[in-house]
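Read off the chains here:
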Amino acid sequence: MFSILRSIWLTLLHTFSKRFTIQYPEEKPKLPARWRGRIVLTRDPDGTERCVACNLCAAACPADCISLQATQDEHGRRYPAFFRINFSRCIFCGFCEDACPTYAIQLTPDFELAEYDRQNLVFEKEDLLIDGPGKYHDYNFYRVSGLAIEGKDKGEAEHEDPPIDIHDLRA
Amino acid sequence: MNEVVKYLLIIGGVLGVMLSIAAFLIWYERRMLSLWQDRYGPNRVGPFGLFQVLADMIKIFFKEDWIAPFADKWVFIIAPTFVVAAVLMGFAVVPFAPGIAVTDLNIGLLFFLAMSSLGAYSVFLGGLSSNNKYALLGSLRGAAQMISYEVFMSIALMGVVLMSGSFSLVDIVNAQKNMWFVVPQFVGFVIFFIAGVAETHRTPFDLPESESELVAGFHSEYSGMKFGMFFVGEYLGITLISAMIVTFYFGGWLGPAFLPPIVWFFIKTFVFITSFVLLRAALPRPRYDQLMSLGWKILLPLALLNLLVTGAIILTVGA
Amino acid sequence: MVKINIDGKDYEVEPKDNLLQTLLSLKIDVPYFCWHPAMGSVGSCRQCAVKKYADEKDTKGRIVMSCMEPVVDGMRISVDDPEVKQFRANLIELTMTDHPHDCPVCDEGGECHLQDVTLMSGHNYRRYEYNKRTHKNQYLGPFINHEMNRCIACYRCVRFYRDYAGGRDFNVFASRNRVYFGRYEDGVLQNEFSGNLVEVCPTGVFTDKIFKEHYTRKWDLTTAPTICQNCSLGCNIIAGERYGTIRRITSRYNEKVNGYFICDRGRFGYEYVNSDLRLREPLRRGQASGQLEEVDQKTVFNYFEKLFKKNARFLGIGSPRASLEANHALQMMVGKDNFFAGVNEVDQRLTLKALQILRESPAEVPSLRETENADVVVVLGEDVTNTAPMLALSLRQASRKRPLELPEKMHIPTWNERAVDELLQDERGPFFVLTPTETKLDDIATATYRQVPQNIARLAQAVAHYIDPEAPEVSALTDSEKALAKQIGDELLNAKQPLIVSGTSLQDETLLEGAANIAIALKKRQKTPWIFLTLPEANSAGLALLDEKNLNMAFEKALSEKYDALIVLENDLYRRLETDKVDKLLDAFEHIIVLHYLQNPTTDKANLIVPVGPFTETDGTMVNNEGRAQRYFQVFYPGDTIKESWRWLGQIMAKGNLQKERTLNNLDDFIDALIQDYPQLSAVKDAAPDASFRIAGQKIPRQSHRYSGRTSMQAHINVSEPKPPEDPDTPMSFTMEGYQGPQPGAVLSRYWYPGWNSVQALNKFQIEVGGGLHDGKPGERVLDLSAKEGMSYFTQIPEPFAAQENNFLGVPLYHIFGSEELSIHTKGVAELTPKPYILLNEADTEGLGDQVKVQINDRTVELELRKTTVLPKGAAGLPVGLPDMGAIKFPVWIKISG
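All values derive from a computational prediction rather than experimental measurement.

Asker: Just give me the short version of the overall build of chain A, but keep the residues and values in it.
Answerer: Scanning chain A from N- to C-terminus turns up 5 helices and 6 strands. Taking 171 residues into account, the globule formula puts the C-alpha radius of gyration at 16 Å, and chain A, at 24 Å, lies well above it. Structurally, chain A occupies a C-alpha span of about 90 × 45 × 25 Å along its principal axes. Looking at the 171 residues of chain A, the share that counts as buried comes to 41%. Restricting the contact set of chain A to residue pairs at least 6 apart, pairs at least 24 apart contribute 69%. With the model as given, the accessible surface of chain A reaches about 9,600 Å², and the carbon-plus-sulfur share is 57%.

Asker: Mind laying out the overall build of chain B, listing which residues take part and the relevant values?
Answerer: The helix and strand tally for chain B stands at 11 helices and 0 strands. Starting at the N terminus, the α and β elements of chain B follow one another as α-α-α-α-α-α-α-α-α-α-α. For a compact globule of 319 residues, the expected C-alpha radius of gyration is about 20 Å, and chain B comes in at 20 Å, within 12% of that figure. Along the longest, intermediate and shortest principal axes, the C-alpha atoms of chain B span 60 × 45 × 45 Å. Within the span of chain B, comprising 319 residues, buried residues form 52% of the whole. Nonlocal contacts in chain B, meaning residues at least 24 apart in sequence, comprise 78% of its contacts between residues at least 6 apart. Counting only carbon and sulfur atoms, one obtains 73% of the accessible surface of chain B, whose full area is about 14,200 Å².

Asker: If you had to explain the interface of chain A and chain C to someone new, which residues and values would you point to?
Answerer: With 48 residues of chain A at the contact, the number on the chain C side is 52 residues. When the buried surface of chain A facing chain C is broken down by residue, D64, I164 and I166 of chain A rank first, second and third, together holding 17% of it. The tally of links from chain A across to chain C stands at 6 salt bridges. Counting across the interface, chain A meets chain C through 33 residue pairs in polar contact (both at pLDDT 80 or more). The element best represented in the side of chain A that touches chain C is strand β2 (residues 66-72) of chain A, accounting for 6 residues. Within the side of chain A that touches chain C, the residues separate by chemical class into 25 nonpolar, 11 polar and 12 charged.

Asker: Now, about the interface of chain B and chain A: what can you tell me, with residues and values included?
Answerer: Counting residues at the interface gives 13 residues for chain B, matched by 16 residues for chain A. If you look at where chain B meets chain A, you find 1 salt bridge. Across the salt bridge formed by R44 of chain B and E26 of chain A, the nearest N and O atoms sit 3.0 Å from each other. Counting across the chain B and chain A interface gives 7 residue pairs in polar contact (both at pLDDT 80 or more). Within the residue set of the side of chain B that touches chain A, elements represented by two or more residues are α1 (2-36) and α10 (261-282) of chain B.

Asker: Can you explain unusual backbone geometry? Please cite residues and give values.
Answerer: Residues and elements named next belong to chain C. That bond from F890 to P891 is cis: its omega, -5°, falls within 30 degrees of zero. Relative to the assigned elements, P891 resides in the loop between β35 (875-879) and β36 (893-897). Residue K27 is not a glycine yet carries a positive backbone phi of 65°. Within the fold, K27 resides in the loop between α1 (19-25) and β3 (49-53). Overall, K27 belongs to the partly exposed group, its relative accessible area being 29%.

Asker: Go over the state of the cysteines with me, naming the residues and quoting the values.
Answerer: A covalent bond between the sulfur atoms of two cysteines is referred to as a disulfide. Under the defined criterion, the tally for this structure stands at 0 disulfides over all chains. In this structure C96 of chain A is a free cysteine whose sulfur lies 6.2 Å from that of C93 of chain A, the closest cysteine sulfur available. Here C96 of chain A falls in the buried class, since its relative accessible area comes to 6%. With no disulfide of its own, C235 of chain C lies closest to C231 of chain C among cysteine sulfurs, the gap being 5.8 Å.

Asker: Summarise the environment of F258 of chain B; cite the residues concerned and give the values.
Answerer: Counting through the fold element by element, F258 of chain B comes out in the loop between α9 (224-249) and α10. As a C-alpha pair, F258 of chain B and A22 of chain B span 236 residues in sequence and 27 Å in three-dimensional space.

Asker: Now, about a positive patch on the surface: what can you tell me, with residues and values included?
Answerer: A surface patch of like charges, here positive, comprises R284, K306, K309 and K310 of chain C. With respect to the helices and strands, R284 of chain C occurs in strand β14 (residues 283-285).

Asker: Outline the nonpolar core, supporting the account with residue identities and numerical values.
Answerer: Residues F304, L380, L395, I518 and I593 of chain C are the most contacted members of the largest nonpolar core, which totals 230 residues. In terms of residue count, helix α17 (residues 509-524) of chain C provides more of this core than any other element does, 9 residues in total. Filtering out sequence-adjacent residues up to four positions away, F304 of chain C remains in contact with F314, M333, I567, I593, L608 and I652 of chain C. By size, the runner-up hydrophobic cluster in this structure holds 92 residues, among which are L33, A68, F76 and L283 of chain B.

Asker: For the side chain of N306 of chain B, give the residues involved together with the corresponding values.
Answerer: Residue and element names in this part refer to chain B. Mapped onto the elements, N306 comes out in helix α11 (residues 288-317). Exposure remark for N306: the relative accessible area of 9% places this residue in the buried category. One polar contact links N306 to Q185, side chain to side chain, over a distance of 3.1 Å. Beyond its immediate sequence surroundings of up to four residues, N306 is in contact with A156, Q185, V187 and G188.

Definitions and cut-offs
- Residues numbered from 1 in each chain as written.
- Chains lettered and ligands numbered in written order.
- Predicted model: local features only at pLDDT ≥ 70, side-chain atom pairs only at ≥ 80, totals over all residues.
- Heavy atoms only, no water.
- Helix = DSSP H or I, 4+ residues; strand = E, 2+ residues; numbered from the N terminus.
- Rg over C-alpha atoms; globule rule 2.2 N^0.38 Å.
- Buried < 20%, exposed > 50% of the residue type's maximum accessible area, 1.4 Å probe, protein only.
- Contact = heavy atoms within 4.5 Å.
- Areas by Shrake-Rupley, 256 points an atom, 1.4 Å probe, with all protein chains shown as cover.
- Buried area = accessible area lost by both parts, 1.4 Å probe.
- Salt bridge = Lys/Arg side-chain N within 4 Å of Asp/Glu carboxyl O.
- Polar contact = N/O pair within 3.5 Å; in protein donor to acceptor, adjacent residues only side chain to side chain.
- Nonpolar A, V, L, I, M, F, W, Y, C, P; charged D, E, K, R; others polar.
- Disulfide = S-S within 2.5 Å.
- Patch = residues over 30% accessible without salt bridge, like charges linked within 9 Å, V, L, I, M, F, W, Y side chains within 5 Å.
- Lys, Arg positive; Asp, Glu negative; His and termini not counted.
- Charge placed at Lys NZ, Arg CZ, Asp CG, Glu CD.
- Core = buried A, V, L, I, M, F, W, Y, C linked by side-chain atoms within 4.5 Å.

The analysis is restricted to geometry; functional conclusions fall outside its scope.
Here is the structure:
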């Protein structure tokens, strides 16, 4: 009984407390860096595309709004031939970012994505790709993985011994 | 002739004012809830967002008026009109100010009770005709709840009747010239207020429509203006109950002379409307069995006791 | 049946397999790497460890490798024991210490046996902080990508490549954690089954290079069960599509036909369906321009309506590459008399002869996989590695059948591959290869015989005569031939299950007759031999069952009678008949209508081209060389203008009010019409479930439950997703909607089971490991066997071959890559296709340069000269089917000049 009256009283006291609402278009919210907004594709610290077209983001996407096609350059480095996100279907859950093994796909604190024409919400790789590494500055997938690419041969990645010479009888 | 015009004006006035109050309440409730929840609420359309009501009305008029194909069509259509009609009829006996009332029935109080019970049909028929298990459960709850709470609502009012010696609302107001009945009838007021909340099935007693479990209960299947009728009916109900609380316990139009009586009446009514909103902002919904045991095991004995004590005092002290 | 106890539960099992296989047959998950159902156990990966208890009182038990453990009565084991689980987890952790961090860019990712087992064994975080060993990769040819860093040294590749498939250019090098699996030096893998390394390798060391060109994860492929079109064996395959192109072919298990594997032509020779030469819209020759111009479907129907109005006479030419339904639809349209099988006289005669032998000879017809169980094999004329590659793989297993009696005698179970291998070494059973020149099976042959086709036929007759003297006698045999005939005859008589392999590839009827005579002779000596005959193309048998007439007859008829229009069904006539003859045939028609999917010399001559789908875009039934009708299913919906030939023809017939009494809307209607006209083909209906088949009221989805990009893949065209296409012909849906539980074997389009993303999930779909599929059908035999054993000896014996001066007898030679018409559109296949050449015995090449002018059938071509010592003198090997070789009519005598 008392608690009921107390809740009523406490609620009434809220008449005098400050309002949390941010009056959006006039006043812009301050969003944290990990806010899940518009999705971007980032680059390695050395400026090359981070995305290796592994398809895990597409597989993780509950709205199935990511599609891509893998291809590789003449040295065997894999990258997406096209990478498409249909933001009119995206629910900004961030699963794609969680799934990404290379930190390539990241969600940014930009939520202002409204369009009058839905077709404009279909983003291609050119629209998604940014010039920096995003939230993760140092990670470079190909420096860790065993795959050889241009400028990094077998045995030159982190934690790798030089390639074995199977004709070497001393080993 | 003048009489006729006067009454037509009053009827028209009451209808118009009540309906606009109900509409205004939509905005008012949203703003008040926001205030207590540290938000702004609708503040974009017009000054203070006042035209939100208009926008909402336009929206609700243009919504698809869908009738569930599995519903009992005619009952389904008629059900929402019951609640609006019954509550509006209730306003017929409300004395807004001396001379400003549609009618002063000598059984005004009984008429009000009768009309507020008719509202139960709306809930019951609406839920039953929807042919939907959530709606049915909601309407069953609604019917049971309204019947239960009506019992001690009327018993609580009997204290007022005993003290004023009349069923006429004008007489009841006039009987409060010296002292508002809320003082001698405080227990009666509390019971009537709780019963009133239950009668209008407002939070915390909104079990017939509890959206978290019954998906809007008896009006699950309703949309468009038919849903709007339930909605308006609910706000009219709040207004009516608030007006009645004022009439029965807070001296109706009575008040210091620097304001006209009708203003006093509306100010008082609004305080209670606001308290309805405050309840919604503050209290969670009880379980259904808790609601029932509160009614039958606590409020009913309390109301009877109140009636007994009031009667005994009046008998001993004399009117 | 014996009783064994697994984790406290009793099971009744057959004690024929090792414990691991038995556990997997019971659908109990046990991790493993090195064991393979087709290759037995070697116990090297230590992953399948289980605990074995001596008796009920034994609570401690000891850890054993289940793949090396025989199943014995009363056995008590535990798979879930904490100690053995820890053992497996430790081992997988050790296995993973050198595995590179590259799953995201690995083609095996998402269908990786190693990923499956790592998860199953419970290793998820790397604790080992030291460096990883690395390897250099090798170039292994256009089909296989090598990424040695990923190797976990299970030895499966080398066991498959060397021991199972007989490859010699691939091996294991170095020792301990430095072991290296590869070739002696960079170069193209020489074995025709190298593509199976992709499926055999538990991780991504060997991956599909053609697939890499347009890589798609397994879960993103729209897949359907289909049948390989590249030879007459009809191996079962799964084709996967994404974004409108076929991405890869993988083997589909069929316990009767191809088992676990397929050949490289089947796996990689599909690229023609994605070719730029594809015909995707109807084309009509413009009256003004004289060029083929794109038109809409209505124009096609109008074209035919006009012809129908004029009461035009149609001549229809079918195809051995088109389905039974398509050929029959054309037959219905033009009438039986005006329909001709689209193969030349020789091919048709040989196919009919082969079918007659299958039906009437006393020999039984094994399925492809059953041939592995023959203990004596005689190959008559057929270079199976190049004409029916998977048969070569089966025969290689058959050559071990007789030696396997030894370990059985010594109570060594045959699944114990390591022990069996040590015991048998290179021991092979009686295996005779009688061909004009060397073959890839020579290494397992007991004896070879290198002669021209007619001499091989004579030797076959001699064998028959040796077995049963009532068989016609062969005169003028040399002593060595007599000795060989005696040797073969003795072995055949001594055999438990003799197998005679022959075929149509040498274009010589007498060879088939020789094979039949051996079978008859053996039957007379109370042996029931097996006979296995290869045919020219995927549906040669089906076409011959529909129509016995041939192209040469069509040629005669077209010139002698008045026809208005020619309809060619999925066929390039220039590969069937000599160029001038085809030109003459086509000139006889005012309207040439071609239904095809690829541009070719015949479509270039057409007035109207109707675009039809290749096997990946259509449904239909094929009859393979043993008479097995198998259904292939459309993989994806290619759009409105590309339809099945039978659907086009059905719609065209409706315009002309033909076949009014029949409803011809979907595949089932056409099958019903087919078996109404050909009651002997009624088994076609049972070859696969019809379109009304449902599981729990649902269709079987072609897409996995994790198919991605649904709302995005078409979004660049239109952000609103199109309505998914419906499939009225099959029990499958084109989307991921439908029954997502384990697929029934009859429409099994992908191997996936919870916990098993890799192809190893197949174990879950088999009734027992290595056996039939759950709710599966290995196709249906359609051959009418009522006249079985009615065959008597063929008495005509060819004359012995006599070399002529300046005249060489042409002998057809085949190449797995090159001889087949369409697989050559795959870049890698074209790369491995030899340049046109002529093969001569060294003794005949005197005075000839590297390039020679060769006169074949009235035309002269310049060819590269290749020399050999094995081809008999006076014969000239001519590669068949290579581009630029042109159609050659055998038998042919050719002239060669420097």
